[in-house]
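Overview (structure and organization)
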Number of protein chains: 2
Amino acid sequence: MRIGELARHTGVPAPTIKYYTREGLLPPGERTSPNQVRYAGSHVRRLKLIRAMLEVGGMSVATVRDVLAQVDAPGRTVHGMLGVAQSAVSRSATERGTEEERRQAEREAAELVRRHGWDVKPENPGWPALVQIIVTYRDLDRGDLLALLDEYAAAAGRLAQVELATVADVPTVDGMVEGVVLGTVLGDAAMSAMRRIAQESASSRFARPRTQSV
Amino acid sequence: MRIGELARHTGVPAPTIKYYTREGLLPPGERTSPNQVRYAGSHVRRLKLIRAMLEVGGMSVATVRDVLAQVDAPGRTVHGMLGVAQSAVSRSATERGTEEERRQAEREAAELVRRHGWDVKPENPGWPALVQIIVTYRDLDRGDLLALLDEYAAAAGRLAQVELATVADVPTVDGMVEGVVLGTVLGDAAMSAMRRIAQESASSRFARPRTQSV
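Residues numbered from 1 in each chain as written. Chains lettered and ligands numbered in written order. Predicted model: local features only at pLDDT ≥ 70, side-chain atom pairs only at ≥ 80, totals over all residues. Heavy atoms only, no water.

As annotated in an unreviewed UniProt entry, chain A carries the name HTH merR-type domain-containing protein and comes from Streptomyces uncialis.

Let's talk about the layout of surface pockets
This is how it is decided: With a 1 Å grid spanning the protein atoms alone, the term cavity applies to any set of points in which a 1.4 Å probe fits but cannot get out, the term pocket to an open set with protein on both sides within 12 Å along at least five of seven lines, and the term lining residue to any residue with an atom within 4 Å of a point. Grid points are joined across faces, edges and corners, and a volume is the space filled by probe spheres set on the points. Elements are defined by DSSP. Helices are runs of H or I of four residues or more, strands are runs of E of two residues or more, and each kind is numbered from the N terminus. Residue type decides the class: Asp, Glu, Lys and Arg count as charged, Ala, Val, Leu, Ile, Met, Phe, Trp, Tyr, Cys and Pro as nonpolar, and the leftover types, Gly among them, as polar.
Approximately 1,200 Å³ is the volume found for the largest pocket. Forming the walls of the largest pocket are 47 residues, and the residues nearest its centre are V89, R91 and S192 of chain A together with R91 and S192 of chain B. Elements with a minimum of two residues in the lining of the largest pocket: α3 (41-56), α5 (78-89), α7 (126-139) and α10 (173-207) of chain A together with α3 (41-56), α5 (78-89), α7 (126-139) and α10 (173-207) of chain B. Residues belonging to the lining of the largest pocket are distributed by class as follows: 22 nonpolar, 17 polar and eight charged.

What about the relation of the copies chain B and chain A?
Threshold: For the least-squares superposition of copies, only C-alpha atoms count, and only for residues with pLDDT at least 70 in both. Two residues form a contact once any of their heavy atoms are found within 4.5 Å.
For the match of chain B to chain A, the screw axis carries a shift of 0.0 Å, the RMSD comes to 0.0 Å, and the turn is 180°. This pairing of chains is accounted for by a two-fold axis. No C-alpha of chain B lies nearer the rotation axis than that of A155 of chain B, which sits 3.0 Å from it. Same-surface contact between copies: 100% of interface residues of chain B are shared with the interface of chain A.

Considerations on the side chain of Q199 of chain A
Considering the arrangement of structural elements, one finds Q199 of chain A in helix α10. When residues no more than four places from it in sequence are discounted, the contact partners of Q199 of chain A are L82, Q86, A160, E163 and L164 of chain B.

Observations regarding the interface of chain B and chain A
Here is the rule: In this description, buried area is defined as the sum, over both parts, of the accessible area (probe of 1.4 Å) that is lost when the two are combined. We define a salt bridge as a side-chain nitrogen of Lys or Arg found within 4 Å of a carboxyl oxygen belonging to Asp or Glu. Within 3.5 Å is the distance limit for a polar contact, defined as a pair of N or O atoms, with the added protein rule that one can donate a hydrogen and the other accept it, and that residues adjacent in sequence qualify only through two side-chain atoms.
Taken together, the contact between chain B and chain A spans 95 residues of the former and 95 residues of the latter. If you sort the residues of chain B by the area they bury against chain A, M194, R196 and I197 of chain B come out on top, with a joint share of 9%. Linking chain B with chain A are 12 salt bridges, by the criterion used here. Across the pair D188 of chain B and R196 of chain A runs a salt bridge, and its minimum N-O distance is 2.8 Å. Taken together, chain B and chain A are joined by 44 residue pairs in polar contact (both at pLDDT 80 or more).

Overview of the confidence of the model for chain A
Defined as follows: One number per residue, pLDDT, summarises how confident the predictor is, and it ranges from 0 to 100.
Within chain A, residue pLDDT values average 92, and 96% of them lie at 70 or more. In the predicted structure, residues 210-214 of chain A sits below a pLDDT of 50 and forms nine contacts with residues beyond four places in sequence or in another chain.

Digging into the side chain of R195 of chain A
Along the chain, R195 of chain A turns up in helix α10. Within polar-contact distance, the side chain of R195 of chain A engages the side chain of E163 of chain B at 3.0 Å. Ignoring sequence-local partners within four residues, the contact set of R195 of chain A consists of Y152 of chain A together with Q86, A156, L159, E163, G183, G187, D188 and M191 of chain B.

Printed below as a string of structure tokens:
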């Protein structure tokens with residue numbers, strides 16, 4: 001198809017398609033004559049994936065390019081893609097508290113991970129985020145909220161099993177790799193959305209039999 | 001205590017404390033003489049909460065001010081605070097797809113919420129996020145990832161029960177309100193961190209018995 005048709009199929013304007021190609025997010029189409037380029041079905045799919053990463057994932061063009069370079073790398077593995085996608089969507093965690101408070105929180109985080117039987121590398125972006133949260137809850141003396149971390153861990157552990165089984169069921173490696181990227185970029189957003197809805201519902205039930213002051 | 005002591009207790013420099021007071025995040029201390037202001041223990045706690053919202057929640061100074069104004073409002077309720085905190089941490093969702101695709105996704109979202117027996121207002125910021133995600137998965141023909149939404153919903157429902165019970169256990173309304181704010185601001189970050197760790201662990205187990213190509 002020509003660029004106008006690709007634009008209609010995806011809702012992405014032609015100048016934006018050209019911009020993504022220049023920036024290395026989208027492979028160039030096949031030049032069939034000096035002023036005509038032909039695009040394939042794979043371009044439609046890639047454009048949809050790019051828009052999902054930018055609009056739903058809130059990622060930058062540079063980050064999308066880096067992730068897609070790994071998606072297209074010959075030696076890619078599903079496990080490797082998970083690490084790439086996780087790093088791409090993780091905000092870097094500010095170091096909080098004193099060195100001693102951080103060291104204590106690191107020990108607590110490691111114990112929690114051990115309790116749940118997890119096997120995880122020190123580079124996982126979840127570590128600094130978890131340490132930051134433990135330091136903050138300790139700083140504010142909120143042992144009650146700290147105790148919720150085991151609940152989050154149990155839920156995350158169950159979900160990870162189902163998520164990985166879903167990806168493993170996909171018949172093609174291309175589909176698996178795309179599933180890992182989408183699941184990582186959109187999965188957190190999906191879980192947050194569900195949490196907002198479930199919390200409001202639970203809260204309205206808690207609030208009802210009580211007085212207005214609570 | 002004087003401002004120097006408040007700064008030492010919280011790790012927040014004195015000029016920053018003055019800035020938060022000017023911006024309306026921190027109540028002013030009590031002026032005991034023309035050039036001396038006295039701060040109380042409540043200032044220590046408030047400063048720690050401000051830092052948690054800014055540094056861990058990634059919120060803007062203006063958003064923190066708005067949330068704290070509600071925390072201090074005389075008519076505040078725990079249920080009302082949950083709505084305020086949820087809106088403060090939610091990114092606005094880009095509208096995706098055609099109007100017909102969005103309408104179909106809205107129906108699917110409403111069915112999902114009904115399946116889980118939830119009672120939730122149309123203003124909940126989870127709705128547009130959920131619709132956006134359904135449109136994206138449909139657009140990319142990922143029925144397999146769409147099916148995971150029920151798993152997220154079940155997990156979110158269980159967690160919401162435990163979270164609300166934790167808040168309801170706090171003996172003071174001040175403590176409950178703070179718990180709702182912290183739980184909302186830090187809860188999503190905690191869940192994301194756990195998901196990163198649990199997914200890497202599950203993925204390394206899936207990867208092990210298989211060949212290098214997957």
